[in-house]
Amino acid sequence: MDLTPDPLVIELRKALRTGLAGVPARMELHGAPVADGAFGPTRTVLDELGASDFERPASVGGLDLGLTAGVLVSEELGRAARGNSYRADAMAAGMGAPAGAALAGLEALPVGSGVTATARAGGWELTGAATVDDVNAGTLLVATRTGGESVLVAVERGATGRITESACWPPVVRFDATPVTAADVVGTLDDSPTGPLARARLRQAAYLLGIADGAHQIAVGYAGFRRQFGTRLRDLPAVSFPLARAMVALRATRAAVYRGAWLVDSEPDAVGTAPVMALAMAAETARDVVRLSMQSCGVRAMTAELGLHRYFRLAAAESARYGDPAALWRMVGADRLRTARRAAAGTELPVAATART
């Protein structure tokens, strides 16, 4: 992995930060902290930069910048505490589905028990509740399990039994015997090291990294001018040491996320569980760093003055959006045990080990 700064990445990051700085932030203390979905306010910025072409292969008219560019977009969206209008379209494009849909039910992975699919004549009936990116989307891409495998199913607005609730955060969609057919199955969410699910996990890991980084920068800035006991807050060891440890955690998480993206782009045979590890690590880092940032700023963190409450609510919802971190770590551990047992048995090691629960 080449650690030399890429001039293209640097310029792309500058352009994203400049564009996102012009998107109004929702500083209210109540309601959703972001306006999410494919048609959220960040869509204009991404469209002006042509973000939808970043990951598309050159053979179909894209820029072929690889997953690293998609990871960068997600990180900057999280850093600005804006909604992620990128991830759903990117995942839909990876599975050959049309843009403009919202994702739902991915928090139940890898077990896929949030929305159950019961077999019926000609297809299945969906029952259960799941979080959703955007309640206003016409089409929902819902993660569930059919025939023992995880799949993504398209459910159109107006389908029988589909009800969305936007009064809570994150918003929820409920299904009550909603019929779907085999033609509605968009694709399989398998554990392929470079498949759509692995790529989506790395984009979400980058989004969480950005959330943590944005909160940390606000806390460091506030601690730099806020004075107490005759000195700046960040000159007090009780404040500066935890913030310094958080910086170390952020850098370690950033290395894991971008290494995973680089492996997908450049060394697909060596990806293994890198996307799962990056997502689990980023989820825990986001929870820890945002909580520390809130504590460092005291009561002002819970006001519209600093806006840290937006990061706190985002971290709470997004850290489990693509699976609970504990379940993800169990997947990594199971893969390690299986690899060790095969090595002990003297069998040939798989080139790209994957995990299944």
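Refer to the structure presented above.
Along each chain, residues carry numbers from 1 onward, in the same order as the chain's sequence is written. Given that the model is predicted, a residue must reach a pLDDT of at least 70 before its local features are reported, and side-chain atom pairs must reach 80 or more before they are shown or counted; all residues, however, enter totals for whole chains, interfaces and linings. Only hydrogens and water are removed before side-chain values are computed, so all heavy atoms of the structure are retained for them.

## Topic: the packing of helix 3 (residues 67-79) against helix 5 (residues 196-225)
This is how it is decided: Every axis corresponds to a line fitted to the C-alpha atoms, with the helix fit spanning only the stretch in contact, and the corresponding angles, defined between N-to-C directions, vary from 0 to 180 degrees. What counts as a helix is a DSSP run of H or I of at least four residues, what counts as a strand is a run of E of at least two, and both are numbered from the N terminus. In this scheme the handedness of a crossing depends on how the near helix is turned from the far one: anticlockwise by less than a right angle means left-handed, clockwise means right-handed. Contact between two residues is taken to exist if any of their heavy atoms lie within 4.5 Å; hydrogens are not considered.
Two elements in contact, helix 3 and helix 5, have axes separated by 6 Å at closest approach and are oriented at 35°. When you trace helix 3 past helix 5, the crossing you get is right-handed. When helix 3 is examined against helix 5, the residues L67, G70, V71, S74, E75, L77, G78 and R79 are found in contact with a partner set consisting of R199, L202, R203, A206, Y207, L209, G210, I211, D213, G214 and Q217.

## Looking at helix 4 (residues 87-94)
Using the following cut-off: For every residue, the accessible area obtained with a 1.4 Å probe (protein chains only) is divided by the maximum for its type, and the residue is called buried under 20%, exposed over 50%, and partly exposed between those limits.
Most of helix 4 sits inside the fold, with six of its eight residues counted as buried. For helix 4, every residue scored as buried is listed here: R87, A88, D89, A90, M91 and A92. Immediately beyond the C-terminal end of helix 4, within one or two residues, lies G96, with a positive phi of roughly 75°.

## What about the nonpolar core?
Buried together is how nonpolar side chains tend to be arranged in soluble globular proteins. To be explicit about the condition: Definition used in this section: a nonpolar core is a set of buried Ala, Val, Leu, Ile, Met, Phe, Trp, Tyr and Cys residues joined via side-chain atoms within 4.5 Å.
V71, M91, L103, L106, L152, L189 and I211 are the most contacted members of the largest nonpolar core, which totals 81 residues. The element best represented in this core is helix 5, accounting for 14 residues. Ignoring sequence-local partners within four residues, the contact set of L103 consists of R87, A88, M91, T131, V132, D133, L141, L152 and Y322. Counting residues in each nonpolar core, the second largest holds 17 residues, with V135, V155, V173 and V180 among its members.

## Remarks on the packing of helix 7 (residues 274-297) against helix 8 (residues 308-318)
Counted only if it meets this: For classification purposes, an angle smaller than 35 degrees is called roughly parallel, one larger than 145 roughly antiparallel, one from 65 to 115 roughly perpendicular, and anything else oblique.
Where helix 7 contacts helix 8, the axes come no closer than 9 Å and their chain directions differ by 155°. What the angle tells us is that helix 7 and helix 8 run roughly antiparallel. Crossing handedness for the pair helix 7 and helix 8: left-handed. Together, A286, V290, S293, M294 and C297 of helix 7 and L308, H309, Y311, F312 and A315 of helix 8 make up the contact between the two elements.

## Notes on the side chain of R201
Within the element layout of this structure, R201 appears in helix 5. When its relative accessible area of 4% is taken as the criterion, R201 is described as buried. Setting aside residues no more than four positions away along its own chain, R201 makes contact with D191, P275, V276, L279 and M331.

## Some details on the pairing of strand 2 (residues 115-120)
It is a general feature of regular strands that their side chains alternate between the two faces of the sheet. Applied cut-off: Any two strands with at least two DSSP bridges between them are considered paired.
Pairing of strand 2 with strand 3 (residues 123-131) involves six bridges; the strand directions are antiparallel. Bridge pairing in strand 3 links A119 to W124.

## Some words on the packing of aromatic side chains
Ring pairs (aromatic) are described by centroid distance and by the angle formed between their planes. For clarity, the threshold we go by: Centres within 6.5 Å make a pair out of two Phe, Tyr or Trp rings, where for Trp the six-membered ring is used; the pair is then stacked when the planes are under 30 degrees apart, edge-to-face when over 60, and tilted otherwise.
Taken as a whole and assessed by the stated rule, the structure comprises one aromatic pair. Between Y222 and F225, the ring centres sit 5.4 Å apart and the planes meet at 85°, which makes this aromatic pair edge-to-face. On the criterion of helical spacing, the pair formed by Y222 and F225 is a turn pair, its members being three residues apart in helix 5. Y222 sits in the buried class, given a relative accessible area of 4%.

## Re a nonpolar patch on the surface
Rule in force here: A patch consists of residues whose relative accessible area exceeds 30% and which take part in no salt bridge; residues with like charges are grouped when within 9 Å of each other, and nonpolar side chains (Val, Leu, Ile, Met, Phe, Trp, Tyr) when within 5 Å. To be clear on the numbers: accessible area is Shrake-Rupley with a 1.4 Å probe, and residue cover counts the displayed protein chains and nothing else. Put simply, a salt bridge is a Lys or Arg side-chain nitrogen that is within 4 Å of an Asp or Glu carboxyl oxygen.
A grouping of L8, L63 and L65 is seen on the molecular surface, where their side chains present a nonpolar patch of about 250 Å² in accessible area. Within the fold, L65 resides in the loop between helix 2 (43-49) and helix 3. Owing to a relative accessible area of 30%, L65 belongs among the partly exposed residues under this scheme.

## A word on unusual backbone geometry
Going from W169 to P170, the amide bond is cis rather than trans, its omega being -5°. Assignment of secondary structure puts P170 in the loop between strand 6 (162-165) and strand 7 (172-181). Of note, the phi angle at A81 is positive, near 55°, even though the residue is not glycine. As for its position among the elements, A81 is in the loop between helix 3 and helix 4. What makes A81 buried here is its relative accessible area of 3%. Notably, A177 is not glycine yet its phi reads approximately 55°, a positive angle. Within the secondary structure layout, A177 lies in strand 7. The class for A177 is partly exposed, based on a relative accessible area of 27%.

## Topic: the pattern of salt bridges
This model, assessed by the stated rule, comprises 23 salt bridges. Notably, a salt bridge pairs D288 with R291, separated by 3.1 Å at the nearest N-O pair. With D288 and R291 both in helix 7, this residue pair falls three residues apart, about one helical turn. The partly exposed category is assigned to R291, whose relative accessible area is 42%. E305 serves as the salt-bridge partner of R300, at 2.7 Å between the closest nitrogen and oxygen.

So far we have only geometry, and geometry alone does not tell us how the molecule works.
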